[in-house]
Amino acid sequence: MRTPDDKDILLQYELEVMEGILESKAQYRKIIKAGIAKWVKDFQDGRIEIKTVDDLKKLIEIDIELQKDEL
């Protein structure tokens, strides 16, 4: 029976780190999507004027950055 060597241990560690990063990105995307939905609702309800779209722009840019690694 083979025992795990350093390469196997390192590979397992890297996989666990990558899983953690992917899980975090998924959570961040949920937060960003909720923020975008809230912004749109506030805009539709008249609480945000069209000249204050910077927050929406930032949310969209963050969402795009988070999606880049998924391609």
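Everything below is about the structure printed above this text.
Residues numbered from 1 in each chain as written. Predicted model: local features only at pLDDT ≥ 70, side-chain atom pairs only at ≥ 80, totals over all residues. Heavy atoms only, no water.

(A) The pattern of salt bridges, seen in detail. Under the criterion given, the structure shown has eight salt bridges. We note a salt bridge from Lys41 to Asp45, for which the minimum N-O separation is 2.9 Å. With relative accessibility at 42%, the residue Asp45 sits in the partly exposed group. A salt bridge links Arg47 to Asp45, with the nearest nitrogen and oxygen atoms 3.0 Å apart. One salt-bridge network, held together by shared partners, links Lys38, Lys41, Asp42, Asp45 and Arg47. (Salt bridge = Lys/Arg side-chain N within 4 Å of Asp/Glu carboxyl O. Buried < 20%, exposed > 50% of the residue type's maximum accessible area, 1.4 Å probe, protein only.)

(B) Structural detail: the nonpolar core. Core analysis: the largest hydrophobic core is formed by seven residues, namely Ile32, Ile36, Trp39, Ile48, Leu56, Leu59 and Leu66. Broken down by secondary-structure element, the contributors of at least two residues to this core are α1 (6–44) and α2 (54–68). Beyond its immediate chain neighbours, meaning those up to four positions away, Leu66 contacts Lys25, Tyr28, Arg29 and Ile32. (Core = buried A, V, L, I, M, F, W, Y, C linked by side-chain atoms within 4.5 Å. Helix = DSSP H or I, 4+ residues; strand = E, 2+ residues; numbered from the N terminus. Contact = heavy atoms within 4.5 Å.)

(C) Examining the packing of aromatic side chains more closely. Summed over the entire model, instances satisfying the criterion amount to one aromatic pair. Ring centres 5.4 Å apart and planes at 10° place the aromatic pair Trp39 and Phe43 in the stacked group. Within this pair, Trp39 and its partner Phe43 are both found in helix α1, separated by four residues, close to a single helical turn. Phe43 sits in the partly exposed class, given a relative accessible area of 32%. (Phe/Tyr/Trp six-rings, centres within 6.5 Å; stacked < 30°, edge-to-face > 60°.)

(D) Just α1, in detail. Between its first and last C-alpha, α1 extends 57 Å over 39 residues, near the 57 Å set by a 1.5 Å rise per residue. Of the residues making up α1, those classed as buried are Lys25, Arg29, Ile32, Ile36, Trp39 and Asp42. Turning to α1, the residues buried within the fold contact α2. Gly46 lies just past α1 and shows a positive phi near 85°. (Expected span 1.5 Å × (residues − 1).)

(E) Region of the structure containing the side chain of Lys25. Mapped onto the elements, Lys25 comes out in helix α1. For Lys25, a relative accessible area of 15% gives the class buried. The contacts of Lys25, once residues within four sequence positions are left out, are Leu66 and Asp69.

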